[in-house]
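Residues per chain are reported as follows:
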Protein chains: 2
Amino acid sequence: MKELTSQQKKVLQCIEFYIKKTGFPPTRANICNELGFKSPNAAESHLRALEKKGFIEITSGASRGINLVKKQNSENKIPVIGLIAAGYGTESIEEVERFIDCKNTFFESKFDYFLKVQGLSMKDAGILEDDLVAIKRTQDIKNGDIVVAKIDDEVTLKYFSSKDGDIKLLPANEDFDEIIIDQNRNDFSIIGKSVGLIREN
Amino acid sequence: MKELTSQQKKVLQCIEFYIKKTGFPPTRANICNELGFKSPNAAESHLRALEKKGFIEITSGASRGINLVKKQNSENKIPVIGLIAAGYGTESIEEVERFIDCKNTFFESKFDYFLKVQGLSMKDAGILEDDLVAIKRTQDIKNGDIVVAKIDDEVTLKYFSSKDGDIKLLPANEDFDEIIIDQNRNDFSIIGKSVGLIREN
DNA sequence: AAATATACTGTACAAATATATAGCATAAAA
DNA sequence: TTTTATGCTATATATTTGTACAGTATATTT
């Protein structure tokens, strides 16, 4: 999808605002009013540009026949990512299983995807197999955060702990051992952290 | 809000469908087309009835000037209900803390509200304090379901177990005891069951 | 019995609206 | 250099659309 000019963005926002306010899309005249244009053709040509770039659809002949095209992944469809057991590096070990109809503002922090949990290493944190943990991609991590970390070619969900520069990943289950990161030997990186969880019974 | 006649419901659904399909509300003529009316006034008078009953708002003079009035609690705003420690009978022990912007079709089963969890009696089921459990009001309960039950004047969230007519409520935490229901002595009822869970970190 | 709500057909028309055409000006791409 | 895209003003018009008025008929309420 092509980029919009600043003026075209204004027009698109104007349409979005008008729909929010009234419940139905604006006419050319309405847009002119909102943005101070003096000719309906100013609005018309902006609409044609927005249509050409794929941001709206126009139903020919219909009054207010403007339909906002939802951008795929932006705000309403959150991907659920499952981890494949073996690892081939980076984030290619992930695969999108499906999408959940939910805004990325659903929890307090915006987030990027749901991670489908494997295993019970975090069970005492109330995180069970097949739970969906909302992950925000960030490097802004504090002790005690539940993080998605990559160690060599494995991805794991654990409590984060850092003390005097020594990083540990702690499970929430007696049956699992803590993971001590040797930053010389291990290829270690933080992918993001948990900001929420959903479970479907 | 008054009740709609079956014909008025059809018109309302027609409007909802049209908006879903096209992205903008229908004209009188569009409604006539969809529903087989032969006079625009058929649509017009239905619209006026819907407006009078508060289901839509009509912007006078504007083409397609129909705005669906969101019904408070129907599909987009789910109440979060907290339990008050003491009990004063029935469901008046509950209070709506806030609403969450989420469809009641978010989980596999439709549900009625979120219950804010108190205590850790279900921690081994991955249900922690302050978690929000999606509750569907139903009497259709199977063994092993997580139910919201009322015993005398207390409301509790537990596993349900029924064997030879003996009903037990089982915690998921060693530190708690199971509750055996004496249907003669206890005022017992099932309010509903859990169909999902969300947690905000 | 009379009034009101529901549920339409049919006709009419002013106002709202999409849209084409003619211009003017600037900036970027071919 | 010539086209193409951007960003408007201004005018015109066929079509769409809301809406009023006149009827007909049935059911419900007062």
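Residues numbered from 1 in each chain as written. Chains lettered and ligands numbered in written order. Predicted model: local features only at pLDDT ≥ 70, side-chain atom pairs only at ≥ 80, totals over all residues. Heavy atoms only, no water.

## Details of the protein's contact with DNA strand D
- Close to DNA strand D lie 26 residues; Thr5(A), Gln7(A), Ser39(A), Gly61(B) and Arg64(B) are nearest.
- Counting only atoms of DNA strand D within 4 Å of the protein, the sugar-phosphate share comes to 70%.
- Side-chain polar atom of Gln7(A) to a phosphate oxygen of DNA strand D: 3.0 Å apart, as the coordinates give it.
- Between DNA strand D and Lys38(A) there is a distance of 2.9 Å, counted from a phosphate oxygen to a backbone nitrogen or oxygen.
- Residue assignment for the surface near DNA strand D shows that the elements contributing at least two residues are helix 1 (6-22) and helix 3 (40-52) of chain A together with helix 3 (40-52) of chain B.
- If one sorts the elements of the surface near DNA strand D by residue count, helix 3 of chain A sits on top with five residues.
- Class assignment of the residues belonging to the surface near DNA strand D gives a composition of six nonpolar, 13 polar and seven charged. (Near = heavy atom within 4 Å. Polar contact = N/O pair within 3.5 Å; in protein donor to acceptor, adjacent residues only side chain to side chain. Helix = DSSP H or I, 4+ residues; strand = E, 2+ residues; numbered from the N terminus. Nonpolar A, V, L, I, M, F, W, Y, C, P; charged D, E, K, R; others polar.)

## A closer look at the relation of the copies chain B and chain A
- Superposition of chain B onto chain A requires a rotation of 180° combined with a translation of 0.0 Å along the rotation axis, giving an RMSD of 0.9 Å. Viewed as a symmetry operation, the transformation between the two copies matches a two-fold axis.
- In this assembly the copies share their binding face: 100% of the residues contributing to the interface of chain B also contribute to that of chain A. (Least-squares fit on C-alpha atoms with pLDDT ≥ 70 in both. Contact = heavy atoms within 4.5 Å.)

## Remarks on the environment of Ile56(A)
- Counting through the fold element by element, Ile56(A) comes out in strand 1 (residues 56-58).
- If sequence neighbours within four positions are ignored, Ile56(A) has contacts with Leu12(A), Leu47(A), Leu50(A), Glu51(A), Ile66(A), Asn67(A), Leu68(A) and Val69(A).

## Description of the pairing of strand 6 (residues 132-137) of chain A
Residues and elements named next belong to chain A.
- When strand 5 (residues 113-116) meets strand 6, the two strands line up antiparallel, connected through four bridges. Along strand 6, the bridge assignment pairs Phe114 with Ala134.
- Here six bridges tie strand 6 to strand 11 (residues 188-200), and the two strands are oriented antiparallel to one another. Counterpart to Leu132 in the pairing with strand 11 is Ile198. (Pairing = 2+ DSSP bridges.)

## Digging into the protein's contact with DNA strand C
- The full set close to DNA strand C counts 26 residues, and Gly61(A), Arg64(A), Thr5(B), Gln7(B) and Ser39(B) are the nearest of them.
- Among atoms of DNA strand C positioned within 4 Å of the protein, sugar and phosphate together represent 70%.
- Between a phosphate oxygen of DNA strand C and a main-chain N or O atom of Gly61(A), the distance comes to 2.6 Å.
- One nitrogen or oxygen atom from the side chain of Thr5(B) is found 2.8 Å from a phosphate oxygen belonging to DNA strand C.
- Those elements giving two or more residues to the surface near DNA strand C turn out to be helix 3 of chain A together with helix 1 (6-22) and helix 3 of chain B.

## Section: the confidence of the model for chain A
- Residues at a pLDDT of 70 or more form 89% of chain A, whose mean pLDDT is 84.
- Segment residues 84-93 of chain A: pLDDT under 50, and 15 contacts once partners within four positions in sequence are set aside and those in other chains are kept. (pLDDT = per-residue confidence, 0-100.)

## Concerning the packing of aromatic side chains
- This structure, assessed with the given rule, holds nine aromatic pairs over all chains.
- Taken together, the ring pairs in this structure connect Phe106(A), Phe107(A), Phe111(A), Phe114(A), Phe106(B), Phe107(B), Phe111(B) and Phe114(B) into an aromatic cluster. (Phe/Tyr/Trp six-rings, centres within 6.5 Å; stacked < 30°, edge-to-face > 60°.)

## So, helix 1 of chain B
Residues and elements named next belong to chain B.
- A rise of 1.5 Å per residue sets the reference length of helix 1, with its 17 residues, at 24 Å; its end C-alpha atoms lie 24 Å apart and thus fit the reference within 8%.
- Within helix 1, the full set of buried residues consists of Gln8, Val11, Leu12, Cys14, Ile15, Tyr18 and Thr22. The buried side chains of helix 1 occupy one side of the element, clustering within an arc of 150° when seen end-on. Projecting away from the buried face of helix 1 at angles above 90 degrees are the exposed residues Ser6 and Lys20. (Expected span 1.5 Å × (residues − 1). Buried < 20%, exposed > 50% of the residue type's maximum accessible area, 1.4 Å probe, protein only. Arc of directions from axis to C-beta.)

## Some details on the pattern of salt bridges
Residue and element names in this part refer to chain A.
- Applying the stated criterion across every chain yields a total of 26 salt bridges over all chains.
- Note that Arg48 is salt-bridged to Glu44, the shortest N-O span being 2.8 Å. Of the two residues, Arg48 and Glu44 both sit in helix 3, four residues apart, roughly one turn of that helix.
- What makes Arg48 partly exposed here is its relative accessible area of 37%.
- Two residues, Asp145 and Lys193, come together in a salt bridge whose shortest N-O distance is 3.7 Å. You can see Asp145 sitting in the loop between strand 6 and strand 7 (146-151) and its partner Lys193 sitting in strand 11, a full 48 residues away along the chain.
- If you follow the salt bridges from partner to partner, you end up with Arg28, Glu44, Arg48 and Glu51 in one network. (Salt bridge = Lys/Arg side-chain N within 4 Å of Asp/Glu carboxyl O.)

## Notes on the packing of helix 1 of chain A against helix 2 (residues 28-35) of chain A
All names here are of chain A.
- Contact geometry for helix 1 and helix 2: axes closest at 10 Å, N-to-C directions at 110°. The angle between helix 1 and helix 2 places the two elements in the roughly perpendicular class. Residues Lys10, Val11, Cys14, Ile15, Phe17, Tyr18 and Lys21 of helix 1 touch helix 2, and the partners they reach there are Asn30, Ile31, Glu34 and Leu35.
- Taken together, the residues of the contact of helix 1 with helix 2 sort by class into seven nonpolar, one polar and three charged. (Axes fitted to C-alpha atoms, helices over the stretch in contact; angles between N-to-C directions. Parallel < 35°, antiparallel > 145°, perpendicular 65-115°, else oblique.)

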